[in-house]
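Summary of structural features
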Amino acid sequence: MIGRDDFPLARVPEAARYPWWSVAVQRFGELSALSQLLLGATLGFHMTFWGAFWAITLGVVLLEVVAVLTGIAGQREGLSTYVLAQWTGLGRHGSSLFGLCTAVSLVGWFGVQNAIFAKGLAALAGTQVPLWVYCVLTGAAVTLIVIYGFSSMAWTSYITVPLFLALSAWAIRSALARHQLADLISMPPPGEPMSIAAGATLVAGGFIVGAVLTPDMTRYNRSAADVVKQTLVGVTLGEYTIGLTGVLLAHAVQSADVVHIVTTEVGVAGAAILVTATLKINDWNLYSASLALVNTVHQTTSRHVPRSAMTLAVGAAGTALSIAGILEHLIGFLTLLGIAFPPIAGIMIAEYYVVRRHRAVLERTRSAGSLPSQVEPLSLRPLLAWAGGVAAGYLIDAGIPAINALLGGLLAHVALNRGKAAS
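Residues numbered from 1 in each chain as written. Predicted model: local features only at pLDDT ≥ 70, side-chain atom pairs only at ≥ 80, totals over all residues. Heavy atoms only, no water.

The next subject is the overall build of the chain. Counting its secondary structure elements, the chain contains 20 helices and 0 strands. A burial count over the chain gives 59% of its 423 residues as buried. A separation of at least 24 residues holds for 86% of the contacts in the chain among residues at least 6 apart in sequence. With the model as given, the accessible surface of the chain reaches about 15800 Å², and the carbon-plus-sulfur share is 69%. (Helix = DSSP H or I, 4+ residues; strand = E, 2+ residues; numbered from the N terminus. Buried < 20%, exposed > 50% of the residue type's maximum accessible area, 1.4 Å probe, protein only. Contact = heavy atoms within 4.5 Å. Areas by Shrake-Rupley, 256 points an atom, 1.4 Å probe, with all protein chains shown as cover.)

It is possible for side chains of opposite charge to pair when their charged atoms get near one another. Per the counting criterion, the structure on display carries 6 salt bridges. The closest approach of N and O atoms between Arg-366 and Glu-77, which form a salt bridge, is 2.8 Å. Here the residue Arg-366 occupies a position in helix α18 (residues 359-366), and Glu-77 occupies one in helix α3 (residues 49-77), the gap between them amounting to 289 residues. Judged by its relative accessible area of 29%, Arg-366 is partly exposed. (Salt bridge = Lys/Arg side-chain N within 4 Å of Asp/Glu carboxyl O.)

With that out of the way, let us pick up the UniProt feature "transmembrane region" (unreviewed entry) in the chain. Mapped onto the present numbering, the UniProt feature "transmembrane region" (unreviewed entry) falls on residues 52-73, 94-111, 131-150, 157-176, 196-214, 309-327 and 333-355. The span residues 52-73 carries 100% helix and 0% strand; its end-to-end C-alpha distance comes to 32 Å. In residues 196-214, helix accounts for 89% and strand for 0%; the two terminal C-alpha atoms are 26 Å from one another. (UniProt positions renumbered as here; feature names shortened; annotations may be inferred.)

For the pair helix α17 (residues 342-355) and helix α20 (residues 401-416), interaxial distance at closest approach is 7 Å and the crossing angle is 40°. By the angle between their directions, the pair α17 and α20 is classed as oblique. Crossing of α17 against α20: the hand is right-handed. Across the interface between the two elements, Pro-342, Pro-343, Ala-345, Gly-346, Ile-347, Ile-349, Ala-350, Glu-351, Val-354 and Val-355 of α17 pack against Ala-402, Ala-405, Leu-406, Gly-409, Leu-410, His-413 and Val-414 of α20. (Axes fitted to C-alpha atoms, helices over the stretch in contact; angles between N-to-C directions. Parallel < 35°, antiparallel > 145°, perpendicular 65-115°, else oblique. Left-handed = near helix turned anticlockwise from the far one by under 90°.)

All right, on to unusual backbone geometry then. Positive phi is not limited to glycine here, since Ser-302 has a value of about 65°. In this fold, Ser-302 is placed in the loop between α14 (279-301) and α15 (307-324). Take Ser-302: its relative accessible area is 63%, and that puts it in the exposed class. Although it is not a glycine, Arg-356 adopts a positive phi angle of roughly 60°.

Attention now moves to the packing of aromatic side chains. On inspection of all chains with the given rule, the structure shows 9 aromatic pairs. Considering the side-chain rings of Phe-53 and Trp-54, the 5.1 Å spacing of their centres and the 80° angle between planes classify their relative orientation as edge-to-face. Under the relative-accessibility criterion, Trp-54 is labelled partly exposed at 47%. Between the aromatic rings of Trp-155 and Tyr-158, the centroid separation amounts to 5.1 Å while the plane-to-plane angle is 80°, which identifies the pairing as edge-to-face. Of this pair, Trp-155 and Tyr-158 both sit in helix α7 (residues 149-178), 3 residues apart, which is roughly one turn of that helix. Taken together, the ring pairs connect Phe-49, Trp-50, Phe-53, Trp-54 and Tyr-240 into an aromatic cluster. We note Arg-359 situated over the ring of Tyr-352; from NZ or CZ to the ring centre the distance is 4.1 Å. (Phe/Tyr/Trp six-rings, centres within 6.5 Å; stacked < 30°, edge-to-face > 60°. Lys NZ or Arg CZ within 6 Å of the ring centre and 35° of its normal.)

Here the focus is the nonpolar core. Core analysis: the biggest nonpolar cluster contains 83 residues, and Leu-43, Val-66, Phe-98, Ile-208, Tyr-287 and Phe-341 have the highest contact counts within it. Tallying contributions element by element places α3 first for this core, with 10 residues. If sequence neighbours within four positions are ignored, Val-66 has contacts with Gly-71, Ile-208, Ala-211, Val-212, Ala-345, Ile-349 and Leu-406. (Core = buried A, V, L, I, M, F, W, Y, C linked by side-chain atoms within 4.5 Å.)

Over its 16 residues, α20 extends 22 Å from the first C-alpha to the last, a length consistent with the 22 Å expected when each residue adds 1.5 Å. Along α20, the positions that sit buried rather than exposed are Pro-401, Ala-402, Asn-404, Ala-405, Leu-406, Gly-408, Gly-409, Ala-412 and His-413. (Expected span 1.5 Å × (residues − 1).)

A few words on the side chain of Asn-417. Structurally, Asn-417 is set in the segment after α20. Residue classification places Asn-417 among the buried residues on the basis of a relative accessible area of 3%. A polar atom in the side chain of Asn-417 sits 2.9 Å from the side chain of Arg-381. When near neighbours in sequence (up to four residues on either side) are disregarded, Asn-417 contacts Val-355, Arg-357 and Arg-381. (Polar contact = N/O pair within 3.5 Å; in protein donor to acceptor, adjacent residues only side chain to side chain.)

If you want it as structure tokens, here you go:
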């Protein structure tokens, strides 16, 4: 078999786990990418600096709560998100549906990232080669890295993350050389104004799938404290450092076009480094999508498809989306994710920490490194809880839609499972 399977349907043994800093570099790497700079530039194009700051702050609080709570569950159990979901409120069929929906969203993210990656390379090359050729080349490069699993992805992050940090400092210094910082902070947004609530939902939507899927990464952690440390370092620094850099650069250049911004502010060499950093987010999009589909196929057909083979299929689909132009629909895509995925996190958090119907059996089987023999049968309760969360996100005008959706899913799950027996 080509590549590594990386325990897609089993617990990660203690001997296969990594130091917290190794996982933290990958967590920060998910946020040190063109997409995060694009999100910051989008906020900066439509918001004042302080409006964007508070939108990022609200989004970060939600993302950190979700990432820490789901991440600790993943670390304790050593399970990927989709396997864990079977005993955290979704059951066999619910986790399969969740895996399928997650894979679709991650394929979409892969397409967005790959389009940015390809567009950046095309701008650097300055040739008449069609954009789709670059999409195929960049998609194939990321797919090859992911086929070889967590270890090859870790080495990619060790290279790209320091380069991206150096680039961010360089970019903002270049912008400030021609603009006063006070002017960039105080200037009005160059585009149509956006509310803080809408901006916070974009921030949450920009990483909510990654936050919900935190167990895919933290199953390689050695302790709950490691999960907290890497979340604070990765999410906080990533969102503020990269996001606010994007805000200031959008104000400086009066544009939300990331490729235009980087080529204007840091030139060809800086843009080359920036483009390579896209590898560090898109590999996790592809990795989690492959895990999701391996679980979905196993639950629905009882067949095990190698993760490497699934990676090839998902990489091809994401590359096709980048060629089709998914990047043009980014804001609508983020808004949808910012409301559709938080209820799933709410259900999983409510089940694992509040309802706790399956905690005892998970703990009994954990020491043996096995899985519970029984999975929850088909039930409408997870679907109803998810629908309640989505309705809260869409229909409640007060507050932040993403937070409303999370709380709606959490409270609905608790209410629907009151008095249910623990296993």
